[in-house]
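Each chain, letter by letter, is given below.
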There are 2 protein chains.
Amino acid sequence: MRTGNRLAIITALIVGIIWSSLAWSYDELVEKKTFTMPTYTTIGGKTIKNVKIGYETYGRLNAAGTNAIFIPHYFTGTSHAAGKYAATDPAPGYWDSIIGAGKPLDTDKYFIVSADTLVNLNTKDPHVVTTGPASIDPDTGKPYGMTFPIVTFRDMVNTQKALCDSLGIHRLKAVMGASGGSMQTMEWAASYPEMVERAIPVIPGGVEASAYLVETLNTWMAPILNDPKWNKGDYYGKEEPVQGVAESLKLITMASRHYGWAEKAFGRKFAAPDKNPLDSWDNAFAIESVLDKATAAGAKKYDANSLLYTARANQLYRVHQDATLEEGVKRIKAKVLFIPAKSDLLLFSDYSKKAMEMLSAQGNKVEYFELQGDGGHLDGLFQIGQAGEVIREFLTK
Amino acid sequence: MRTGNRLAIITALIVGIIWSSLAWSYDELVEKKTFTMPTYTTIGGKTIKNVKIGYETYGRLNAAGTNAIFIPHYFTGTSHAAGKYAATDPAPGYWDSIIGAGKPLDTDKYFIVSADTLVNLNTKDPHVVTTGPASIDPDTGKPYGMTFPIVTFRDMVNTQKALCDSLGIHRLKAVMGASGGSMQTMEWAASYPEMVERAIPVIPGGVEASAYLVETLNTWMAPILNDPKWNKGDYYGKEEPVQGVAESLKLITMASRHYGWAEKAFGRKFAAPDKNPLDSWDNAFAIESVLDKATAAGAKKYDANSLLYTARANQLYRVHQDATLEEGVKRIKAKVLFIPAKSDLLLFSDYSKKAMEMLSAQGNKVEYFELQGDGGHLDGLFQIGQAGEVIREFLTK
């Protein structure tokens, strides 16, 4: 594989796009819409004015408002779970392989909604609508920066609930999300237990962020905090801390992958065959060179402060936030299907097992399906097809 | 546990000291000595003048020079594997639990030698003697900085071989090392197959650094390279890049640990009970606060450039370096006892299994003993006692 090709693929991996054929794509064009709340008061007690989040839908809501499935997204993700905005888009949304007419998340049966989170990283993507540190504070006319309130997954879920209400959704057949989306999924089930029939956490974070994850997220934030261009979050309209974001993305990429993947994709090849890293500090291994380029490209797409806010939301994750863990878990009434990835080195399958034990002990119906492979955490995006029929059946139970 | 205590323990973990009672300590005081080579020419073809490495010994060499065991050290380590330099030392060397009279590495039977590597990180430790980027280049009278030649584990082993020759050692009962020391162990077996009877790689890196490890090491180097005070390695006599080194140590600490350890040591406790990280960016979780302090303290002890050189040596690791992997492994004649840690998230036990398969297939006698626990990679230091009797017996086979 030539380096150019590989770079394209790695870039795709980082941005979470699945390369799949047109034939596989959800077959209606997707329209991105905006949901607005005049104010929203966070769990932490701060009021944000003029909150906007983007969303998209696939399929049709039934008259009773009971056939909906909500899909919250992962750390670097967006609402774009399936289909294309335009026929010329190079690739459809990240879970297109399981969303569409006749597919496990069958758009002939279900009305599927996915929304951009608060503090979404992709502030420069014209298809993304979010409210976060890069938004203009109506009180000052300037970007919030680090004065934006710290938000939790429960806050994201609350804005998603308001969106669902506005669409006439009364019951959710399921909430299904990957990674950070799995945490919002469990939060949905704990915050709105009468509304959520089923929870499908994929590459799940369990019912709270582990101490190890808390510190891992700390290491993702550090390169930004240490980049002089971050300037305490006051960089809008100036040079942005892209080096810090790139280093952060490198750590995120590594945490999202596995040694099996690295071996197959790169092995010990040099970046240039005749330039041995033994001979000069200017020489590098192929994996270093490719990830350097891919993360430098990725860094230009993401907002540094939004990455910090999203990381903090992940650190703060515990179902129902201000309750004890036991109280939070007790609120969950949904049937739960855990879909971890065997080779996950970020959200270990042990996290699912611990959450399953708690839920089983209190009488929830719980199922478990482990994705096979050596792609690491990202198998939750790329290998989700393995779980397709299990998901289809789970939705009818 | 109070934060002060925990800080002390974490600091100890990072510097690799085992807290153990005086009663357990190798019972003779240890003397640190210096071995000098007028010149050494690296595998990369560069000649270094006036090479010095520190070493220490436990036990006595027999007349035939055939009862020696060599112990190369791990990434942040030193030659100090056992005993104390002075009775008042707070703790003995890192493997003191298995080295001493009557212990598995029995100093009544064996003559044990351990040496500081080239480019050792601990340039500020008066007990460490090394030659690396912080050393004075005799040609300029100034520190080498990044003009020091890139060195490999094979170079470290060659200097260790010269030391052994100078001591009258003709055969090695075993070479035994942890982590980076395991890589030197395998390199010893490949470079000097007629001399090395047994290899005991602990928390082993297999027979070459995996692509995933190569990139992990890249992420450890990045915080230093991005610290403006690093100044392309020219910081001696100026302000040092301690922030970069601290971030690097944080990544190293996390890679060396496991979520089970983090859960037990910290859980989701806040750094201060009344300061919820939901409320302010100034608030933090306990694990963040403790590791921040511990790594800031650690950063003052290590030389940034030496960390880069040690990381590059790790990236370049493949047994016998300039051979193909198969040619390098074929050179090994030693019996090999692999001692991985079950919960290792840095040098995965799969690396040992792959190396075992290659060695078994070519007829080497191979054994495998897995350390149990949830301490991660560092179980290779703290839980080595589990393997004590297996090691004792292996040395007689």
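About the thresholds
- Residues numbered from 1 in each chain as written.
- Chains lettered and ligands numbered in written order.
- Predicted model: local features only at pLDDT ≥ 70, side-chain atom pairs only at ≥ 80, totals over all residues.
- Heavy atoms only, no water.
- Pairing = 2+ DSSP bridges.
- Helix = DSSP H or I, 4+ residues; strand = E, 2+ residues; numbered from the N terminus.
- Axes fitted to C-alpha atoms, helices over the stretch in contact; angles between N-to-C directions.
- Contact = heavy atoms within 4.5 Å.
- Least-squares fit on C-alpha atoms with pLDDT ≥ 70 in both.
- Expected span 1.5 Å × (residues − 1).
- Buried < 20%, exposed > 50% of the residue type's maximum accessible area, 1.4 Å probe, protein only.
- Phe/Tyr/Trp six-rings, centres within 6.5 Å; stacked < 30°, edge-to-face > 60°.
- Buried area = accessible area lost by both parts, 1.4 Å probe.
- Salt bridge = Lys/Arg side-chain N within 4 Å of Asp/Glu carboxyl O.
- Polar contact = N/O pair within 3.5 Å; in protein donor to acceptor, adjacent residues only side chain to side chain.
- Nonpolar A, V, L, I, M, F, W, Y, C, P; charged D, E, K, R; others polar.

Examining the sheet that holds strand β6 (residues 111-115) of chain B
All names here are of chain B.
Next, step 1: Strands sit in the order β1-β2-β6-β3-β9-β10-β11-β12 across an open sheet of eight strands; the sheet is mixed. Two strands lie at the open edges of the sheet, namely β1 (33-41) and β12 (366-368), each paired on one side alone. For this sheet, the mean angle separating the axes of adjacent strands, direction not counted, is 20°.
Next, step 2: Where strand β11 (residues 335-338) lies against β12, three bridges are found, and the strand directions are parallel. By the bridge assignment for β12, Phe338 is matched with Tyr368.
Next, step 3: Strand contacts of helix α3 (residues 180-191): β3 (68-71), β9 (172-178), β10 (198-202) and β11, with the helix running at about 150° to β9, the strand carrying the most contacts.
Next, step 4: On the sheet, helix α10 (residues 349-361) packs against β11 and β12 and is oriented at approximately 160° with respect to β12.

Here we look at the sheet that holds strand β9 (residues 172-178) of chain A
Residues and elements named next belong to chain A.
Next, step 1: Taken in spatial order, the eight strands make up an open sheet running β1-β2-β6-β3-β9-β10-β11-β12, and their pairing is mixed. With partners counted over all chains shown, the strands left at the sheet margins are β1 (33-41) and β12 (366-368), one partner each. For this sheet the average axis-to-axis angle between neighbouring strands, irrespective of direction, equals 20°.
Next, step 2: By the bridge criterion, eight bridges tie β1 to strand β2 (residues 47-58) in an arrangement that is antiparallel. Along β2, the bridge assignment pairs Met37 with Val51.
Next, step 3: Packing of helix α2 (residues 153-167) onto the sheet brings it into contact with β1, β2, β3 (68-72) and β6 (111-115), and relative to β1 it is tilted by some 120°.
Next, step 4: Packed onto the sheet, helix α10 (residues 349-361) meets β11 (335-338) and β12 and runs at close to 160° relative to β12.

Topic: the relation of the copies chain A and chain B
Next, step 1: Mapping chain A onto chain B is achieved by rotating through 180° and translating by 0.0 Å along the same axis, at an RMSD of 0.0 Å. The transformation relating the two chain copies, once decomposed into turn and shift, fits a two-fold axis. In terms of C-alpha distance to the rotation axis, chain A has Pro223 of chain A as its closest residue, with the C-alpha 3.6 Å off the axis.
Next, step 2: Comparing interface residues between copies, 100% of those in chain A also lie at the interface in chain B; the contact surface is shared.

Topic: helix α8 (residues 304-315) of chain B
Next, step 1: With 12 residues, α8 of chain B ought to run about 16 Å at 1.5 Å a step, and its terminal C-alpha atoms sit 17 Å apart, in line with that.
Next, step 2: Where burial is concerned, most of α8 of chain B is hidden: 12 out of the 12 residues are buried.
Next, step 3: What α8 of chain B keeps buried is the set Ala304, Asn305, Ser306, Leu307, Leu308, Tyr309, Thr310, Ala311, Arg312, Ala313, Asn314 and Gln315 of chain B.
Next, step 4: On its buried side, α8 of chain B packs onto α7 (286-299) of chain A together with α2 (153-167), α3, α4 (211-225) and α5 (242-255) of chain B.

Focus on the packing of aromatic side chains
Next, step 1: Counted by the stated rule, this structure contains 32 aromatic pairs over all chains.
Next, step 2: Arranged with centres 5.0 Å apart and planes meeting at 85°, the rings of Tyr74 of chain A and Tyr94 of chain A form a pair that is edge-to-face. Within this pair, whereas Tyr74 of chain A is found in the loop between β3 and β4 (99-100), its partner Tyr94 of chain A is found in the loop between β3 and β4, the two being separated by 20 residues in sequence. Both residues of the pair, Tyr74 of chain A and Tyr94 of chain A, count as buried.
Next, step 3: Ring pairing ties together the aromatic residues Tyr144, Phe148 and Tyr309 of chain A together with Trp281 of chain B, which thus form one cluster.

Things to note about α4 of chain B
Next, step 1: Taking 1.5 Å of rise per residue, 15 residues should cover 21 Å, and α4 of chain B covers 21 Å from first to last C-alpha, within 8% of that figure.
Next, step 2: Counting buried positions along α4 of chain B gives 14 out of 15 residues, so the element sits mostly inside the fold.

A look at the interface of chain A and chain B
Next, step 1: Taken residue by residue, the interface counts 57 residues in chain A and 57 residues in chain B.
Next, step 2: Between chain A and chain B lies a buried interface of about 4,800 Å² when both sides are counted; carbon and sulfur atoms form 63% of it.
Next, step 3: Taken together, chain A and chain B are joined by two salt bridges.
Next, step 4: As a salt-bridge pair, Glu208 of chain A and Arg268 of chain B come within 3.7 Å of each other at their nearest N and O atoms.
Next, step 5: At the boundary of chain A and chain B, one finds 30 residue pairs in polar contact (both at pLDDT 80 or more).
Next, step 6: When contributions to the side of chain A that touches chain B are tallied by element, the ones reaching two or more residues are α4 (211-225), α5 (242-255), α6 (259-265), α7, α8 (304-315) and α10 of chain A.
Next, step 7: Looking at side-chain class alone, the side of chain A that touches chain B contains 29 nonpolar, 14 polar and 14 charged residues.

Focus: unusual backbone geometry
All names here are of chain B.
Next, step 1: Residue Ser179 is not a glycine yet carries a positive backbone phi of 60°.
Next, step 2: Mapping Ser179 onto the fold places it in the loop between β9 and α3.
Next, step 3: One non-glycine residue, Lys232, adopts positive backbone phi at about 55°.
Next, step 4: Tracing the sequence through the fold places Lys232 in the loop between α4 and α5.

Some words on the environment of Gly205 of chain A
Residues and elements named next belong to chain A.
Next, step 1: With respect to the helices and strands, the residue Gly205 is situated in the loop between β10 (198-202) and α4.
Next, step 2: Through-space distance from the C-alpha of Gly205 to that of Leu346 is 8.9 Å; in sequence the pair is 141 residues apart.
Next, step 3: Residues in contact with Gly205, not counting those within four places in the same chain, are Ser182, Met183, Tyr317, Leu347 and Tyr351.

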